[in-house]
Amino acid sequence: MKGRGMAKKEGKMRIRAFPMTMDEKYVENIWSLLKDAIQEIQRKNNSGLSFEELYRNAYTMVLHKHGERLYSGLKEVVTNHLESKVRQDVLQALNNNFLQTLNAAWNDHQTSMVMIRDILMYMDRVYVQQNNCENVYNLGLVIFRDKVVRYGGIGNNLRITLLDMIMKERRGEVINRLAIKNACQMLMMLGIETRNVYEEDFESHFLKQSAEFYKIESQKFLDENSASVYIHKVEARINEEAERATHYLDESTEPRIVEVVEDELIKKHMKTIVEMEGSGVVHMLKNNRMEDLACMYKLFGRVADGHKTIGECVSRYLREEGKALVTQAT
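Residues numbered from 1 in each chain as written. Predicted model: local features only at pLDDT ≥ 70, side-chain atom pairs only at ≥ 80, totals over all residues. Heavy atoms only, no water.

### A few points about helix α9 (residues 177-190)
Look at α9: 20 Å from first C-alpha to last across 14 residues, which is about the 20 Å you get at 1.5 Å a residue. All of the buried residues along α9 are A179, I180, A183, C184, M186, L187 and L190. Down the axis of α9, the sector holding all buried residues measures 155 degrees, keeping them to one side. Next to the buried residues of α9 lie α5 (98-119), α7 (136-149), α8 (152-170) and α10 (196-224). N-cap assignment for α9: the residue whose side-chain oxygen lies 3.3 Å from the backbone N of L178 is N176. One or two positions beyond α9, positive phi appears at I192, with a value near 45 degrees. (Helix = DSSP H or I, 4+ residues; strand = E, 2+ residues; numbered from the N terminus. Expected span 1.5 Å × (residues − 1). Buried < 20%, exposed > 50% of the residue type's maximum accessible area, 1.4 Å probe, protein only. Arc of directions from axis to C-beta. Contact = heavy atoms within 4.5 Å. Polar contact = N/O pair within 3.5 Å; in protein donor to acceptor, adjacent residues only side chain to side chain.)

### Here's the deal with the pattern of salt bridges
According to the stated counting rule, one finds 25 salt bridges in the structure shown. A salt bridge links R177 to E169; the nearest nitrogen and oxygen atoms lie 2.8 Å apart. For the salt bridge of R170 with E241, the shortest nitrogen-to-oxygen distance reads 2.7 Å. One end of the pair, R170, is in helix α8; the other, E241, is in helix α11 (residues 227-247), with 71 residues separating them in the sequence. Here R170 and E241 have matching classes, each one buried. Residues joined by salt bridges that share partners form a network here, namely E169, R170, R177, E241, E243 and R244. (Salt bridge = Lys/Arg side-chain N within 4 Å of Asp/Glu carboxyl O.)

Shown next as C-alpha cells:
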C-alpha cells in the first residue's frame, strides 16, 4: 500500500515538470520580435534573420500556452500587409498590367507564407491541431482570397481578363498562356483542397460564355458549310478546347468544356447535320463517301442518341430505296 502511494506521489511530481510561467511583458517582447521578423519576410528583407532563433521564440510562446496570442497576431500582421500594400498595388494595376501584377503578388505571398510557416511549425503541430483551426499556410490562403482576390473589383476584373484572353485566342490571336495558367492555379489553391473558388470565380462563367459563343458559331458553321466540313470544324474545336484546358486551365475543366462544345455543336443540331441537303447522310451514301460517314459516326458517338439519329436516317433512306426498287420492278 505504501509503495503504491509513493508511486502516485512521484507520478504527480512528473506531471508538473514545467511550472514556469511567462509574464505578459515577456510574451509581448517575444511577439514583437516575431512580428518584426514576419514583416521583414513580407518586405523580402529576410537575409539577416535567424530562423532557428525565431522558431525557438515561437516554440516558447506555444509551450507556455500563448498560442492564441501568436495565432491572432499572425492573422493581424498578414491581413494588414495584404490590405495596406498588396491590395493597393493590385488595385492600381486594374487597367494596366493587371494579371502580371496579381500573379507576382500571389507568388510573393506564397514565398513569404512558406517562410512564416517554417518559423511557426510548432504552433501548426500543437496549437492548430488542438484548436482545429486553419494551419499557417492555409490561413494565408484564406486571407489572400478574402482581402485581395475577392475584394471589390479585383475578382470581377480577374474573371473578365481571363475570359477576354480566351476569346482572343479562339479568334486566332496569340495570348500569354502562362499568365492564365498561373491565375487558374492560384484560384485552385485558394479553394484549399476543393475546386470551389476556381469554379465560382472563373469556371462557371467560362462554361457559360463558351456555351453562348458556340451557340452562335454553330449557326454560322451550319449556314456556311457542308456536313463533312462542319464535322471537321467541330472536331477541331473539341480538340482546341481540350488542349486549352490541359495546358493552361485546370485539367478538371477539360470534360466540362468538351461537353459544352459537344452540346452546342453536335447534340442540338444532329437532325440538321444528318439531313443536310446535298451533303448529309443520304448524299454520303449515294456518293459512297464512306470516310465522311465514318467521321460523322465517330463524332456523333460522343453524344447521347448520336448513333441512333444517323441510324434512323440510314434506315429511312434504305426503306425509300427499297420501295423505289419494288416500284420499278412492278
